[in-house]
Amino acid sequence: MQIRALIYFDELVRTNSMRQAAENLNVAPTAISRQIENLEYHFGTQLVERSARGIKLTAAGELLAERAGRTLRELDHVHQLIEDLKGLQRGTVSIYANGASVASILAPALAEFSLRYPRLRFEVTITSARGAIEAVNNAEADIAVTLFAPPLSGTKVRLRSELVYDVIAASSHPLAAASEITLDEIASHALAVPDRSFGARQAFDALFEREGLRLDPVFETGSLEMQKELVLRGAAITMLPALTVQREIEAGQLVARPVAGGMGVRTPVDLCVAPDRQLSFAAGKLLDFIERFMRKQLSAKGRQD
């Protein structure tokens, strides 16, 4: 069985269209059909049912589809490792991330790292914490950086640090002069928070409920940029890790104030990899760099607190 046949089959499954798969691979549709027939001959069973509405996988086709993508990704990974042995410092690293980890940790780390290794390429996918962990488990990602990650087996936590959510307000806001802010004060002001699908929001709700308070935000949005803009314009306060708005704080536009009594929401930020997968040169270098970057940034934040 040829690798090409698996590549054609995987693209057909991904597009669900013989024509589209052929266009993406820059081959004729007959070439796709011929490779599918080769696979069916190899396995001795029908893999694809064709109709005017497109293609439908048989039970055997579904079984192959589940494994073909991972097999191809692993072959690409082995190819990268072989290139590394030749001393070629190039390649592509796949990173999955979620939440405020993108702005506060991953983006500045990638920017600095890419200047050191300009021949490397990076594919960054923003998803849920669960999606990021599953991507590492399924060999779709080399590295995951997550907040509020669910407990899932199969991944190795290379580094676990902690982020604290402070109250973020415009420098002209009445609360900006306070050294710390109580939950009662937070509840009495217009608030911008994520919607209830976010782990941070669920943690906020639980915190206020434990204290007998009701979280009644004026703004609910899944956009970090929207939250920041509302706060910058003085329409609301929010709760975020200070690192997320470090640029605005340094510019004097925003302030970060701790929640009184040390009651700010705390969340682990995890740097994750697959425990049984050797990383390429590029991914290994980036992993080491992100780990050092996280230790430096988060320890600096701890000294400020």
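What counts, and at which threshold
- Counting restarts for each chain: residues are numbered from 1 in the order of the written sequence.
- The predicted origin of the model limits local features to residues at a pLDDT of at least 70 and limits the giving and counting of side-chain atom pairs to 80 or more, whereas totals for whole chains, interfaces and linings rest on all residues.
- Note that water and hydrogens are dropped before the side-chain values are worked out from all heavy atoms of the structure.
- For patch detection, residues must exceed 30% relative accessible area and be free of salt bridges, and they are connected within 9 Å for like charges or within 5 Å for nonpolar side chains (Val, Leu, Ile, Met, Phe, Trp, Tyr).
- For accessible areas, the Shrake-Rupley method is used with a probe of radius 1.4 Å. Any residue's cover is judged against the shown protein chains and nothing else.
- The rule for a salt bridge is simple: a side-chain nitrogen of Lys or Arg has to be within 4 Å of a carboxyl oxygen of Asp or Glu.
- Just so you know, the count uses Lys and Arg for positive and Asp and Glu for negative, and it drops His and the chain ends.
- Here the site of a charge means atom NZ of a Lys, CZ of an Arg, CG of an Asp or CD of a Glu.
- Counting from the N terminus, the helices are the DSSP runs of H or I reaching at least four residues and the strands are the DSSP runs of E reaching at least two.
- Per-residue accessibility, obtained with a 1.4 Å probe over protein chains only, is compared with the maximum for each type, and a residue is labelled buried under 20%, exposed over 50%, and partly exposed between these values.
- An automatic or database domain assignment supplies the start and end points of every domain.
- Contacts are residue-level and defined by heavy atoms, with any inter-residue pair within 4.5 Å sufficient.
- Values labelled buried area give the accessible surface lost by two parts on being combined, using a 1.4 Å probe and summing over both.
- Here a polar contact is taken to be a pair of N or O atoms separated by no more than 3.5 Å, where protein atoms must pair a possible hydrogen donor with a possible acceptor and residues adjacent in sequence count only if both atoms sit in side chains.
- Under the convention used throughout, the expected extent of a helix is 1.5 Å for every residue step, that is, one less than its residue count.
- Each pair of strands is called paired provided DSSP finds at least two bridges between the two strands.
- Structural elements are reduced to axes, namely lines fitted to C-alpha atoms, with helices fitted over the stretch in contact, and the angle between N-to-C directions of any two is expressed from 0 to 180 degrees.
- For classification, angles of less than 35 degrees are called roughly parallel, those exceeding 145 degrees roughly antiparallel, those between 65 and 115 degrees roughly perpendicular, and all remaining angles oblique.
- What makes a crossing left-handed is the near helix being turned counterclockwise from the far one by less than a right angle; a clockwise turn instead makes it right-handed.
- Note on residue categories: nonpolar means Ala, Val, Leu, Ile, Met, Phe, Trp, Tyr, Cys or Pro, charged means Asp, Glu, Lys or Arg, and polar means any other residue, Gly included.
- To form a nonpolar core, buried Ala, Val, Leu, Ile, Met, Phe, Trp, Tyr and Cys residues must be joined to one another through side-chain atoms within 4.5 Å.

Focus: a negative patch on the surface
A surface patch of negative charge is lined by Glu180, Asp184, Glu185 and Glu211. Mapped onto the elements of the fold, Glu180 is located in the loop between β6 (156-170) and α7 (183-187). By relative accessible area, which is 41% here, Glu180 ends up partly exposed.

A word on the domain arrangement of the chain
Segmentation of the chain into domains returns domain 1 (1-79), domain 2 (91-155 + 271-300) and domain 3 (160-265). Just the C-alpha atoms count here: the centres of domain 2 and domain 3 sit 26 Å apart. In this complex, domain 2 contributes 8 residues to the contact, which on the side of domain 3 involves 12 residues. Approximately 870 Å² of surface area, both sides summed, lies buried where domain 2 meets domain 3, with 79% of it carried by carbon and sulfur atoms.

Observations concerning the environment of Phe293
Take Phe293: it is sitting in helix α11 (residues 281-304). We classify Phe293 as buried; its relative accessible area is 9%. Along the chain, Phe293 and Ala109 lie 184 residues apart, while their C-alpha atoms are 6.5 Å from each other. Apart from residues lying up to four places away in sequence, Phe293 is in contact with Ile105, Pro108, Ala109 and Glu112.

Describing the side chain of Arg201
Inspection of the secondary structure puts Arg201 in helix α8 (residues 199-210). Relative accessible area serves as the criterion here: at 0%, Arg201 is assigned to the buried category. At 3.3 Å, the side chain of Arg201 forms a polar contact with the side chain of Glu220. Apart from residues no more than four positions distant in its own chain, Arg201 is found in contact with Val193, Pro194, Asp195, Arg196, Leu215, Pro217 and Glu220.

A word on the environment of Glu162
With respect to the helices and strands, Glu162 occurs in strand β6. Along the backbone, Glu162 and Arg266 are 104 residues apart, and their C-alpha atoms lie at a distance of 6.6 Å.

Re helix α3 (residues 29-43)
Compared with an ideal rise of 1.5 Å per residue, which puts 15 residues at 21 Å, α3 spans 21 Å between its outermost C-alpha atoms and is within 8% of the ideal. Listed in full, the buried residues belonging to α3 are Ala31, Ile32, Ser33, Gln35, Ile36, Leu39 and Glu40. At the C-terminal side of α3, Gly44 shows a positive phi close to 70 degrees.

Some points on the pairing of strand β1 (residues 48-51)
Here β1 runs beside strand β2 (residues 54-57); their pairing, made up of 4 bridges, is antiparallel. Bridge pairing in β2 links Val48 to Leu57. Hairpin connection from β1 to β2: 2 residues lie between these consecutive antiparallel strands.

Description of the packing of helix α1 (residues 3-15) against helix α2 (residues 18-25)
For the pair α1 and α2, interaxial distance at closest approach is 8 Å and the crossing angle is 125 degrees. One way to sum up the angle between α1 and α2 is to call them oblique. The two elements α1 and α2 cross, and the hand of that crossing is right-handed. Where α1 approaches α2, its residues Ile7, Tyr8, Glu11, Leu12, Arg14 and Thr15 are matched on the opposing element by Met18, Gln20, Ala21, Asn24 and Leu25. Its residues assigned to classes, the contact of α1 with α2 shows 6 nonpolar, 3 polar and 2 charged.

Side note on the nonpolar core
In this structure, Ile143, Ile186, Phe204, Leu271 and Leu286 are the most contacted members of the largest nonpolar core, which totals 47 residues. Tallying contributions element by element places α11 first for this core, with 8 residues. In this structure, this core is formed jointly by two domains, domain 2 (91-155 + 271-300) and domain 3 (160-265), each of which donates at least three residues. Those residues in contact with Ile186 that lie beyond four places of it in its chain are Val167, Ile181, Leu191, Phe208, Ile237, Met239 and Val259.

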